[in-house]
Amino acid sequence: MLRDITIGQYYPVDSVIHRLDPRVKLAGTMVFLISLFVTSKLPAYLLATGVLFGLIRLSRVPFRFITKGLKAIMILLVISVSFNLFLTTGTPIFRIGFLQITWEGISLAVFMGVRLIYLVLASSLMTLTTTPNQLTDGLEKGLGFLNRFSVPVHEIAMMMSIALRFIPILIEETDKIMKAQTARGADFESGNLIQKAKAMVPLLVPLFLSAFRRAADLAMAMEARCYHGGAGRTKMKPLHYEKRDKNAYLLMAVYFALMAASRFLPF
Amino acid sequence: MSIRCEKLTHIYQQGTVMESYALRDISFEIQDGEFIGLIGHTGSGKSTLIQHLNGLMRPSSGTVYFNGEDIFAQGYDLRKLRGQVGLVFQYPEYQLFEETVLADVKYGPKNMGLSEQEAEERAREALELSGLQPEFYARSPFELSGGQKRRAAIAGVLAMGPQVLILDEPTAGLDPKGRDELLETVSDLHKRRHTTIILVSHSMEDVARYADRIMVLNEGNLQYFDTPRRVFRYFRELEKMGLSAPQITYLMQELRDEGIDVDPSIGTIEEAREEILSLYWSQGGPLAAGADSGTEAGRGLGESSAATGK
Ligand SMILES: Nc1ncnc2c1ncn2[C@@H]1O[C@H](COP(=O)(O)OP(=O)(O)OP(=O)(O)O)[C@@H](O)[C@H]1O
Ligand SMILES: [Mg+2]
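Predicted model, so just to flag it, every value in this text is computed and none were measured.

(A) Summary view of the interface of chain B and chain A. Of the residues lining the interface, 25 residues belong to chain B; the matching set on chain A comes to 21 residues. Here chain B and chain A share an interface that buries about 2,000 Å² over both sides, 64% of which is from carbon and sulfur atoms. For the chain B face of the interface with chain A, the top three residues by lost area are B:Tyr94, B:Phe97 and B:Tyr107, together amounting to 30%. Across the chain B-chain A interface, the total number found is 2 salt bridges. The closest approach of N and O atoms between B:Arg79 and A:Asp187, which form a salt bridge, is 3.3 Å. Joining chain B to chain A, the criterion identifies 7 residue pairs in polar contact (both at pLDDT 80 or more).

(B) Representation of unusual backbone geometry. All names here are of chain B. Despite not being glycine, Glu169 shows a phi value in the positive range, around 40°. By the secondary structure assignment, Glu169 is in the loop between β7 (164-168) and α6 (176-193). Positive phi, close to 55°, is recorded for His194, a residue that is not glycine. With respect to the helices and strands, His194 occurs in the loop between α6 and β8 (196-200). Residue classification places His194 among the exposed positions, given a relative accessible area of 58%.

(C) Expanded view of the packing of helix α8 (residues 153-183) of chain A against helix α9 (residues 193-224) of chain A. All names here are of chain A. Where α8 contacts α9, the two axes come as close as 10 Å, and the packing angle between them is 140°. Taken together, the axes of α8 and α9 lie oblique to each other. Where α8 crosses over α9, the two elements pack in a sense that is right-handed. On α9, the residues that touch Met158, Ile162, Phe166, Ile169, Leu170, Glu173, Thr174, Ile177, Met178 and Gln181 of α8 are Pro202, Leu203, Pro206, Leu207, Ser210, Ala211, Arg214, Ala215, Leu218 and Met222. Residues belonging to the contact of α8 with α9 are distributed by class as follows: 15 nonpolar, 3 polar and 2 charged.

(D) Region of the structure containing helix α5 (residues 74-87) of chain A. All names here are of chain A. Here α5 is 14 residues long and its end C-alpha atoms lie 20 Å apart, about the 20 Å a rise of 1.5 Å per residue gives. For α5, the set of buried residues is Leu77, Ser80 and Asn84. Down the axis of α5, the sector holding all buried residues measures 80°, keeping them to one side. Seen from the open side of α5, the exposed residues pointing more than 90 degrees away from its buried face are Ile75, Val78 and Leu87. Where α5 is buried, its residues meet α6 (103-129).

(E) Structural detail: the coordination of the magnesium ion (ligand 2). Residue and element names in this part refer to chain B. Distances from the magnesium ion (ligand 2) to its protein donors, Ser47 (OG) and Gln90 (OE1), fall within 1.9 to 2.6 Å. Remark: Gln90 occurs in the loop between β6 (85-88) and α3 (101-111) and Ser47 occurs in helix α1 (residues 46-53); sequence separation between them is 43 residues. When its relative accessible area of 22% is taken as the criterion, Ser47 is described as partly exposed. For Gln90, a relative accessible area of 29% puts it in the partly exposed group.

(F) Quick look at the pattern of salt bridges. For the structure on display, the rule yields 25 salt bridges over all chains. The shortest N-O distance in the salt bridge between B:Asp104 and A:Arg184 comes to 3.1 Å. With B:Asp104 in helix α3 and A:Arg184 in the loop between α8 and α9, the pair connects residues from two separate chains. Each member of the pair, B:Asp104 as well as A:Arg184, carries the same accessibility label: buried. One connected set of salt bridges, linked through shared partners, spans B:Lys106, B:Lys110, B:Glu116, B:Glu120 and B:Arg124.

(G) Structural detail: the sheet that holds strand β9 (residues 213-218) of chain B. Residue and element names in this part refer to chain B. Spatial strand order, β6-β7-β8-β3-β9-β10: 6 strands in an open sheet with mixed pairing. Two strands in the sheet have a free side with no partner beyond their single neighbour: β6 and β10 (221-226). When strand polarity is set aside, the average angle formed by the axes of neighbouring strands in this sheet is 15°. Pairing analysis gives 5 bridges linking β7 to β8, with the strands arranged parallel. Its bridge partner being in β8, Asp168 is matched across the sheet by Val200.

(H) A look at the site of ligand 1. All names here are of chain B. As a matter of local geometry, ligand 1 sits amid 14 residues, with Gly43, Gly45, Lys46, Ser47 and Thr48 nearest to it. The contact in question runs from an oxygen atom of ligand 1 to an N or O atom on the backbone of Gly43, over 2.9 Å. One nitrogen or oxygen atom from the main chain of Ser44 is found 3.2 Å from an oxygen atom belonging to ligand 1. Relative to its free-state accessible area of 640 Å², ligand 1 is covered by the protein chains to the extent of 66%. Tallying contributions element by element places α1 first for the shell around ligand 1, with 3 residues. When grouped by side-chain class, the residues that make up the shell around ligand 1 number 2 nonpolar, 10 polar and 2 charged.

(I) View of the domain arrangement of chain B. Assigned domains of chain B: these are domain 1 (3-226) and domain 2 (250-308). A straight line from the C-alpha centre of domain 1 of chain B to that of domain 2 of chain B covers 39 Å.

Cut-offs used in this document
Residues numbered from 1 in each chain as written. Chains lettered and ligands numbered in written order. Predicted model: local features only at pLDDT ≥ 70, side-chain atom pairs only at ≥ 80, totals over all residues. Heavy atoms only, no water. Contact = heavy atoms within 4.5 Å. Buried area = accessible area lost by both parts, 1.4 Å probe. Salt bridge = Lys/Arg side-chain N within 4 Å of Asp/Glu carboxyl O. Polar contact = N/O pair within 3.5 Å; in protein donor to acceptor, adjacent residues only side chain to side chain. Helix = DSSP H or I, 4+ residues; strand = E, 2+ residues; numbered from the N terminus. Buried < 20%, exposed > 50% of the residue type's maximum accessible area, 1.4 Å probe, protein only. Axes fitted to C-alpha atoms, helices over the stretch in contact; angles between N-to-C directions. Parallel < 35°, antiparallel > 145°, perpendicular 65-115°, else oblique. Left-handed = near helix turned anticlockwise from the far one by under 90°. Nonpolar A, V, L, I, M, F, W, Y, C, P; charged D, E, K, R; others polar. Expected span 1.5 Å × (residues − 1). Arc of directions from axis to C-beta. Donors = N, O, S within 2.8 Å, 3.2 Å for Na, K, Ca; no water. Pairing = 2+ DSSP bridges. Near = heavy atom within 4 Å. Areas by Shrake-Rupley, 256 points an atom, 1.4 Å probe, with all protein chains shown as cover. Domains from an automatic or database assignment.

Given below as structure tokens:
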């Protein structure tokens, strides 16, 4: 189950998507996410589906890697879909006790489900094709204009990239501690809820300790290498746009325009 | 009673571009009461291999038999197996979590279903074996030094009373004295309780001193599995794998190159001393020294025996 969390895990293959400038991918992900919420017309969703799956194909990341992220939000998905399904008022189809299912409920639930799934797929696609380093660079440069409003962009980007980088490390660490305790006869699977919660103590205590230790070590290592924040810091590989990045922006604009225009479709 | 691996293969991240073979077709059998040294350079698959022996990892193909039973078969009691095959991980101190050392060591026996009292007895016994002083038993494990933590963690596995004890580089990061003490503890356990030991180590000296047989892993392949002396004969091949024979083996090799008839596969200083002394006496001892042709060789031997005797 722990291995299912793919956020922050880079999948190293060479593809057009991998080569894109991280700013393009960040913007693209944002555009895609927003586009899902500006419309609720069927043709628009067909377009979004086509675009998403086309991009996944282009990225050459195996599909099951991208869908791995879904397992982590399964519970959230089930809850939000059933809330929408049962608690939306409108034309009722049938009712069980106080619960009723309406046409409006079904359509809301489906849209909500699809939106959530696409949201996860799109962000997984971005993190799987962009190294954490590129991601920080992209964020920092893309949001650089905020510096003028005294937003510490560099620091925020650094924090985000460290957080992303720590996810797989913590997963690995959890795995390691879990194994060490399993070797001492621990059982994390069976038992009722309370027993399961109690069984987590031997896992969580060492995990927290190691996370704090790692954080302290990292801070020390950064200081030892004279890290002092963003001011005056230069890049070894500064980002600059290629032709393909410009084309990508163009396609993005066309896509968004189509999605927005679909609002005016008569059905 | 034995551990038998049959065509064990493990592939990490199978089916992705990151796919890598950590173990390839490994087959061997370890008898009850043996002391096995497992060596191989970094990334050769040692940690991966030993995690299969108590069922923590599932092989991609092949299987492991413990006392004749397939441990990956349906319905095999893996929890019971983990009590019988104790595994001490590389840097085991991170597994400590309880408020006191004693409580932490009791965790294993309690998981095996022993009563509070039995668990406490086992824990005290294991702590004593591990060589941690009693004044630490009631302390928080996080207040101990690195070496003391290591001992407490090892006691945590010993307390389950395993018939087989697997230690993954137990001496990494310890000072020379701590290292010797720990290895003596392990060797003691082997002698007194006839526990089967599998010791993963980077130090040829340590392995040569204690192991009955040495297992050499190279890029996931089982390259050699034989007595230390026979393995050290391949010191040139070992070097190609990023390993080396014990220093004393090189000394013996050089003596042999000088024309002195010693066994070049010797791996410990004690063996070397005996070999040299017996050669010395067989050539007439001190009386012969200084006389005709044996002079040079005789004196050379006397000196090197004194040197290695230190
Ligand atoms: N979780 C994992 N995912 C992918 N590959 C792994 C994983 N764990 C280990 N490997 C790879 O498997 C190979 C064997 O690793 P293993 O940890 O067994 O080596 P080792 O012999 O114990 O090395 P060391 O002496 O450094 O402890 C290495 O090449 C390593 O990169
Ligand atoms: Mg290892």
